[in-house]
Structure formats: structure tokens, C-alpha cells
Amino acid sequence: MIRPEEVYKIGQIGKPHGVKGEMSFTFTDDVFDRVECDYIVCRIDGIFVPFYVEDYRFRSDTTALLKLEGIDTTDQTRAFTNVDVYFPKKYACRAEEEDERELTWNVFVGYTVTDTVHGLLGDIVEVDNSTVNTLFVVDREGEELLIPAQESFIVKMDNKKRKMLVTLPDGLLHLDLSDDGDH
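Residues numbered from 1 in each chain as written. Predicted model: local features only at pLDDT ≥ 70, side-chain atom pairs only at ≥ 80, totals over all residues. Heavy atoms only, no water.

Check the secondary structure of the protein chain and you find four helices and 12 strands. With 183 residues in all, the protein chain has 37% of them scored as buried. If you take every contact in the protein chain between residues at least 6 apart in sequence, the share linking residues at least 24 apart comes to 54%. Working note: accessible area of the protein chain is about 11200 Å², and carbon and sulfur atoms make up 47% of it. (Helix = DSSP H or I, 4+ residues; strand = E, 2+ residues; numbered from the N terminus. Buried < 20%, exposed > 50% of the residue type's maximum accessible area, 1.4 Å probe, protein only. Contact = heavy atoms within 4.5 Å. Areas by Shrake-Rupley, 256 points an atom, 1.4 Å probe, with all protein chains shown as cover.)

Here we come to the pattern of salt bridges. Taken as a whole, this structure holds seven salt bridges when the rule is applied. Between E6 and R3 there is a salt bridge; the shortest N-O distance is 3.5 Å. Taken together, the shared-partner salt bridges in this structure form one network comprising R3, E5 and E6. (Salt bridge = Lys/Arg side-chain N within 4 Å of Asp/Glu carboxyl O.)

Moving on, we come to the packing of aromatic side chains. Here the structure, examined in full by the defined rule, presents 15 aromatic pairs. Note on F27 and F58: the rings are 5.7 Å apart at their centroids and 75° apart in plane angle, and the pair reads as edge-to-face. Taken as a pair, F27 in strand β2 (residues 22-27) and F58 in strand β4 (residues 47-58) lie far apart in primary sequence, 31 residues in all. The exposure class of F27 is buried, given its relative accessible area of 5%. Residue F58 is classed as partly exposed on the basis of its relative accessible area of 39%. Taking the centre distance of 6.3 Å and the plane angle of 85° together, the rings of F108 and F136 count as edge-to-face. Separated by 28 residues along the polypeptide, F108 in the loop between α3 (89-99) and β7 (112-115) and F136 in strand β9 (residues 135-140) bring together distant segments of the chain. Pair check on accessibility: F108 and F136 agree, each one buried. Within the aromatic cluster, the residues linked to one another by ring pairs are F25, F27, F32, Y56 and F58. (Phe/Tyr/Trp six-rings, centres within 6.5 Å; stacked < 30°, edge-to-face > 60°.)

We now examine the pairing of β9. Looking at chain direction, strand β8 (residues 119-128) and β9 are connected through five bridges and run antiparallel. Note on β9: the bridge partner recorded for I124 is V138. Counted between consecutive antiparallel strands, the loop separating β8 from β9 contains six residues. Examined bridge by bridge, β9 and strand β10 (residues 143-148) share six bridges and lie antiparallel to one another. Within β10, the position partnered with V137 by the bridge is L146. Count of turn residues in the β9/β10 antiparallel hairpin: two residues, of which E141 carries a positive phi of about 55°. (Pairing = 2+ DSSP bridges.)

Strands belonging to one sheet form pairs held by backbone hydrogen bonds; the direction of such a pair is parallel or antiparallel. Reading around the circumference, β1-β2-β5-β4-β3-β6 is the order of the six strands in this closed barrel, with antiparallel pairing throughout. Averaged over all pairs of adjacent strands, the angle between strand axes in this sheet comes to 50°, irrespective of strand direction. Two elements, β2 and strand β5 (residues 63-68), share five bridges in a ladder whose sense is antiparallel. Counted as the bridge partner of M23 is L66 from β5. (Axes fitted to C-alpha atoms, helices over the stretch in contact; angles between N-to-C directions.)

Dropping the structure here:
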């Protein structure tokens, strides 16, 4: 059984394309093209299910046409519409070690973040790369905390325990953590 901490989200499947089982795939990380791994993982009815990739071809920088093994008809592909696609972290991490390639920030979803001054901040629940500055979205006791995803802030990583120690610049957290209402 594939556990949530073993994968990270790389995109979502869109509509069927053609009649031979191809489907549109919008991705935020092209790791499936850069790493030797024969499968992707789809979240279906809350369960992470591996599917072998038969073929894919790029349509743009963020879209590919994807053909999964055993999915051969338009009816079968319709069941995948709007299904989230994940990639196994073990392959992404292995690729980083072997090829010295950079991982995308999405790999850190699920990590617990602790600041050297402020202590425990919370868990990374999402990566926001909708702007030029990529941000970690951290769940701090039900509140959303945005932290810049920058290597210079990271002091130490423990990939086995999924923990990240950071030192954030003075004032960055003060605005988010203040309760005084003087905004």
C-alpha cells in the first residue's frame, strides 16, 4: 500500500484525448521525464494506486498526452478526469543523488518545519509557485503560514524523519505570528 508520505503531487489528469486511451495531463513537475521510473501514482477514491506509463508526449511546458497501460478506451480514460497524479519520492531522491539534479520544492510537502528562533512552525501542506517567489504553505495549528522556499533559509534537513530546520530573517514571521491586531 502506498502511503501519502511516499509520494508528492506532480499534476492532474484532464480530459480524454482521442479514442485510444490517451488523456491530457497538466503537470507542475516534469520529474516523470527526468527520472527512471515506469509508473506514476493516481489518487483514486482516496487510495494511492500505481499505473504503468505506456507512453507520453509533451504538448507544452506544462501539458502532456499520457497513455497508461491497460487504459485503452475513451470510457476508461473518463474515469481519470480531474484525478491528481503523484510521483514516488524515493525515485526523485535517488535521481538527485545520482544525477545531482535539483528536486522541486513539492518534494517537501509533509515535512515538519522548525525555526531556530521561533521553534515549531508546522507542517508543509502545499507549495505555492503561482508567483515568482515560491512559498511553502505551512499549517500552523489550523492557520496558514507562508514561508519563502529558499535554500539559504534551510539550516538542516532530515529526509528520513521528514523534518526541516530553518532560520528565517528577522521580521518575516513577526507579521504572521503577531496577535496584537496592530496591522
